[in-house]
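Working through the structure, step by step
Read off the chains here:
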Amino acid sequence: MKSLKYSRQREGIKEFLRHRTDHPTADTVYMNIRQIYPNISLGTVYRNLSLLAGQGEIQKIACEGADRFDAVTAPHYHVICRRCGRVDDLPMAWETESDDLASRHYAGRIEGHTTCFHGLCPSCAEAEDAGKSQPCSG
């Protein structure tokens, strides 16, 4: 895999993601990283997020709406809230058996899997149980 030329902006984006657990969108990354690099463009943020994900330095989570980004690259699962769109890590063991099962049903080579669970985040579940119609702020 080809290594990338060093970029302060790219390193800033990685550092920003390392301190987040909310799996921000590219727009959120952009709005925050602009405080450090005022001249950075949204295109540069998108390009760097794509490069970092392609290099395996961050994880891109494709879900309904905008893609989310995660600095944790170790295999793990996510839960996506159907009301507010919040993305949380799901603290359960990674199931390698899924890869083995898929391999038995596919003539090619299975190299891994991604799984997103869908449901309600704790705040939205509480609001829904209380009969509130507005989702939480995520």
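Just above sits the structure.
Nothing here was measured: the structure is a model prediction, and the numbers come from that model. (Residues numbered from 1 in each chain as written. Predicted model: local features only at pLDDT ≥ 70, side-chain atom pairs only at ≥ 80, totals over all residues. Heavy atoms only, no water.)

1. Things to note about the overall build of the protein
Across its full length, the protein holds five helices and five strands. Each helix and strand of the protein, placed in order from N terminus to C terminus, yields the pattern α-α-α-β-β-β-β-α-β-α. Oriented by its inertia axes, the alpha-carbon framework of the protein measures out at about 50 × 45 × 20 Å. Expressed as a percentage of its 138 residues, the buried residues of the protein come to 30%. Contacts in the protein between residues far apart in sequence, at least 24 positions, make up 48% of those at least 6 positions apart. Distance from the positive charge centre (17 side chains) to the negative charge centre (18 side chains) of the protein: 10 Å. (Helix = DSSP H or I, 4+ residues; strand = E, 2+ residues; numbered from the N terminus. Buried < 20%, exposed > 50% of the residue type's maximum accessible area, 1.4 Å probe, protein only. Contact = heavy atoms within 4.5 Å. Lys, Arg positive; Asp, Glu negative; His and termini not counted. Charge placed at Lys NZ, Arg CZ, Asp CG, Glu CD.)

2. Focus: the nonpolar core
The tendency in soluble globular proteins is for nonpolar side chains to be buried side by side. Formed by 14 residues in total, the largest nonpolar core has its most connected members in Ile13, Leu17, Val29, Ile33, Val45 and Leu49. Broken down by secondary-structure element, the contributors of at least two residues to this core are helix H1 (8–18), helix H2 (26–33) and helix H3 (42–54). Sort the elements by how many residues they give to this core and H2 lands first, with four residues. Leave out the neighbours within four places in its chain, and Ile33 touches Gly12, Ile13, Phe16, Ile40 and Val45. (Core = buried A, V, L, I, M, F, W, Y, C linked by side-chain atoms within 4.5 Å.)

3. Side note on H3
Its 13 residues give H3 an end-to-end C-alpha distance of 18 Å, which sits within 8% of 18 Å, the value for a rise of 1.5 Å per residue. For H3, every residue scored as buried is listed here: Thr44, Val45, Asn48, Leu49 and Leu52. The arc enclosing the buried residues of H3, seen along the axis, measures out at 130 degrees, which places them on a common side. Tucked inside the fold, the buried residues of H3 contact H1, H2 and strand S2 (68–70). Looking at the residues trailing H3, positive phi occurs at Gly56, about 80 degrees. (Expected span 1.5 Å × (residues − 1). Arc of directions from axis to C-beta.)

4. Observations regarding the sheet that holds strand S4 (residues 87–90)
Adjacent strands of a sheet pair through backbone hydrogen bonds, lying either parallel or antiparallel. Pairing in this open sheet of three strands is mixed, and the strands run S4-S3-S5 from one edge to the other. Looking at which strands have only one partner, the edges of the open sheet turn out to be S4 and strand S5 (116–119). Taken over all neighbouring pairs, the strand axes of this sheet differ in orientation by 30 degrees on average, direction set aside. Across four bridges, the pairing between strand S3 (residues 77–81) and S4 is antiparallel. Bridging from a neighbouring strand, Ile80 pairs with Val87 of S4. (Pairing = 2+ DSSP bridges. Axes fitted to C-alpha atoms, helices over the stretch in contact; angles between N-to-C directions.)

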